[in-house]
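Overview (structure and organization)
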Amino acid sequence: MSHYEVIPMQCPKCGNMNHFKNYNSINITVTPELKKAIMNDDIFKFECQDCHHVEYLRHQLFYHDTKNKIMLQYAKDPEEIEQTLAALKAEGLDLSSYKIRWTNNWYVFKEKIQIFDHHRDDRILAIYKENMLKKFYEEYPEAGHAVVFYYADPSENLMIVSEHMKAKFYYFPEQWYANMMVNPHIQKMLKYDTSIDVNEDYVKRVYNLEVNVVTAKVQTESFVDTYVLHHLDFAKTGDHVLIEDKGKDVEGVIQKLEVMDARDVPAHIHFIKHIIKRRDVDDIEVSNHLEKIAKALYHENEVQLLSQLLHVLSEVKIYLPLIKDEKTGELNREVIRTNNHEPVMPIFTKEKEAKLFAPESIVYETYFTDLIDEFPRMSFVLNPQCKELLIIDKKMTAILKSYVQEELTHVN
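Because the structure is a prediction, the values reported are computed rather than measured.

What follows concerns the sheet that holds strand 7 (residues 99-103). Spatially, five strands are ordered 1-2-5-6-7 in an open sheet, and the strand pairing comes out mixed. What marks the edges here is a single partner per strand, and that holds for strand 1 (3-10) and strand 7. Across the sheet, the mean angle from the axis of one strand to that of its neighbour is 20 degrees, orientation sign disregarded. The sheet contacts of helix 3 (residues 106-117) involve strand 5 (61-65), strand 6 (70-74) and strand 7, and relative to strand 6 the element is tilted by about 170 degrees.

Let us now look at the layout of surface pockets. Estimates place the volume of the largest pocket at around 1300 Å³. Around the largest pocket, the lining comprises 45 residues; the ones closest to its centre are Lys 89, Leu 95, Ser 96, His 230 and Asp 233. Of all the elements in the fold, those that place two or more residues in the lining of the largest pocket are helix 2 (79-90), strand 7, helix 4 (122-139), helix 5 (174-181), helix 6 (184-192), strand 13 (240-245), strand 15 (270-271) and strand 16 (274-275). The element contributing the most residues to the lining of the largest pocket is helix 2, with five residues. A class-by-class count of the residues in the lining of the largest pocket yields 18 nonpolar, 10 polar and 17 charged.

This part is about the sheet that holds strand 17 (residues 317-324). Ordered by their spatial adjacency, three strands build an open sheet running 18-17-21, and the pairing between neighbours is antiparallel. Strand pairing shows two members of the sheet lacking a second neighbour, strand 18 (331-333) and strand 21 (362-367), which therefore form its edges. Going from strand to strand, the sheet's axes swing by 45 degrees on average, the running direction of each strand aside. Pairing geometry for strand 17 and strand 21, over six bridges, is antiparallel. Within strand 21, the position partnered with Tyr 319 by the bridge is Glu 365.

This part is about the pairing of strand 5. When a strand is regular, its side chains alternate between the sheet's two faces. In terms of burial, strand 5 is largely enclosed, as five of its five residues are buried. What you see with strand 5 is no split at all: Leu 61, Tyr 63 and Asp 65 on one side and Phe 62 and His 64 on the other are buried throughout. As defined by bridge partners, strand 2 (residues 17-27) adjoins strand 5 across three bridges and the pair is classed as parallel. The residue bridging Ser 25 from the neighbouring strand is Phe 62, located in strand 5. As paired strands, strand 5 and strand 6 are joined by five bridges and run antiparallel to one another. Bridge pairing in strand 6 places Tyr 63 opposite Leu 72.

Turning our eyes to something else, we now look at the environment of Pro 266. Following the sequence through the fold, Pro 266 ends up in the loop between strand 14 (248-261) and strand 15. Looking at Pro 266, the relative accessible area reads 33%, which means it is partly exposed.

For helix 4, with 18 residues, the first-to-last C-alpha span of 25 Å sits near the 26 Å given by 1.5 Å per residue. Those residues of helix 4 that fall on the buried side of the exposure criterion are Asp 122, Arg 123, Ile 124, Leu 125, Ala 126, Ile 127, Lys 129, Glu 130, Met 132, Leu 133 and Phe 136.

Moving on to the packing of helix 4 against helix 5. Between helix 4 and helix 5, the shortest axis-to-axis distance is 11 Å and the interhelical angle comes to 125 degrees. Taken as axis vectors, helix 4 and helix 5 run oblique relative to one another. Remark: the crossing between helix 4 and helix 5 carries right-handed chirality. Across the interface between the two elements, Ile 124, Leu 125, Ile 127 and Tyr 128 from helix 4 touch Trp 176, Tyr 177, Met 180 and Met 181 from helix 5. Taken together, the residues of the contact of helix 4 with helix 5 break down into eight nonpolar, no polar and no charged.

Of note, Tyr 177 is situated in helix 5. Taking C-alpha positions, Tyr 177 is 9.1 Å from Arg 120, a pair spaced 57 residues apart along the chain. Those residues in contact with Tyr 177 that lie beyond four places of it in its chain are His 119, Arg 120, Asp 121, Ile 124, Leu 125 and Phe 172.

The tally for this structure, following the rule as stated, stands at 12 salt bridges. We note a salt bridge from Asp 117 to Lys 35, for which the minimum N-O separation is 2.9 Å. Taken together, the residues Asp 117 in helix 3 and Lys 35 in helix 1 (residues 34-39) connect sequence positions 82 residues apart. A salt bridge links Glu 111 to Lys 129; the shortest N-O distance between them is 2.7 Å. In this pair, Glu 111 is assigned in helix 3 and Lys 129 in helix 4, connecting sequence segments 18 residues apart. One network of salt bridges, in which partners are shared, links Arg 101, Lys 112 and Asp 122.

Rules and cut-offs
- Residues numbered from 1 in each chain as written.
- Predicted model: local features only at pLDDT ≥ 70, side-chain atom pairs only at ≥ 80, totals over all residues.
- Heavy atoms only, no water.
- Pairing = 2+ DSSP bridges.
- Helix = DSSP H or I, 4+ residues; strand = E, 2+ residues; numbered from the N terminus.
- Axes fitted to C-alpha atoms, helices over the stretch in contact; angles between N-to-C directions.
- Contact = heavy atoms within 4.5 Å.
- 1 Å grid on protein atoms, 1.4 Å probe; cavity = no way out; pocket = protein on both sides within 12 Å on 5 of 7 lines; lining within 4 Å.
- Points joined across faces, edges and corners; volume = space filled by probe spheres on them.
- Nonpolar A, V, L, I, M, F, W, Y, C, P; charged D, E, K, R; others polar.
- Buried < 20%, exposed > 50% of the residue type's maximum accessible area, 1.4 Å probe, protein only.
- Expected span 1.5 Å × (residues − 1).
- Parallel < 35°, antiparallel > 145°, perpendicular 65-115°, else oblique.
- Left-handed = near helix turned anticlockwise from the far one by under 90°.
- Salt bridge = Lys/Arg side-chain N within 4 Å of Asp/Glu carboxyl O.

Function cannot be read off these values alone, since they describe shape.
Next up, the structure:
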């Protein structure tokens, strides 16, 4: 859908109050009539109803073409599109097939609409335009500052606008473009490069072989394979991700991240479909929840209480203090003893608390549910800072495992 807000505006000329329809998002598939308003700048036009004074009030604008899978953001800062895309992802929209661009230049914004309308790749054109500009300066050194624009009306051309000369038009390099589109090295770059800011700096990165992508080694229950992260995705080792394997969605864990040039990525590698975000639960909330459960544990409602516990902890990161053996160099988990002298391992829901508990330790970050299979081997204690210690023993483990088998897939 297209979204706008009506803003009260005082005319700077006559002082009378008006209303300005401020579009912040346009879905051109749903409201195609607004494309003309974008191209002729009427989308920013304010006209006083009384004195007819006209001003153009430029503001950020998100352009969404659902039919051709294109998203463009005109804004001062690229963080604007990152926030917009995060909201769309949260709604379940798959962005993997979209062309996504950001620019803080209004004329470039309109240019990209024309480029994509003609089913051209703006990255290839950016390379050609930079080469074209160099030749133009060699031929017209007196031209001053010049800019190249793709011009699609009435026919496909390239136009150079310079400081001291009239605009010059050049035919679109159809054969050069066709050759680039079948170049295997270029094709690999186009496949894995997901840059959103395709401009002069982008071309410099291409020439300096700095079009980088992040690859992730992902481990699932049955295999380990390498995938590519989208430019706008942020992940780290240990994050859970959704990947596609043989037409089915599979969950895995990132074991290792590596930065590679886009041209060096093997052609068979696929993109990570989705990074599974865990709830950001406050440590106080977790601790309070654990204390309530601990006080009533092993009574008639124990299954219900443990279900609540797992629902909270399934999306919470936990931290384990690891102690390095000076002789062997191995990392061993810290062990404490309870009042009955039983050895247990501490689990923390806050990293700094784990460090305070064992200052010389190395803190290992994971998720509570990733330790389910380890619980029977030894007892654990959750958040030793809690007033009531919550011991994960064999009885609790049995209930937890039963709940995991039935409910965990729904929780995640």
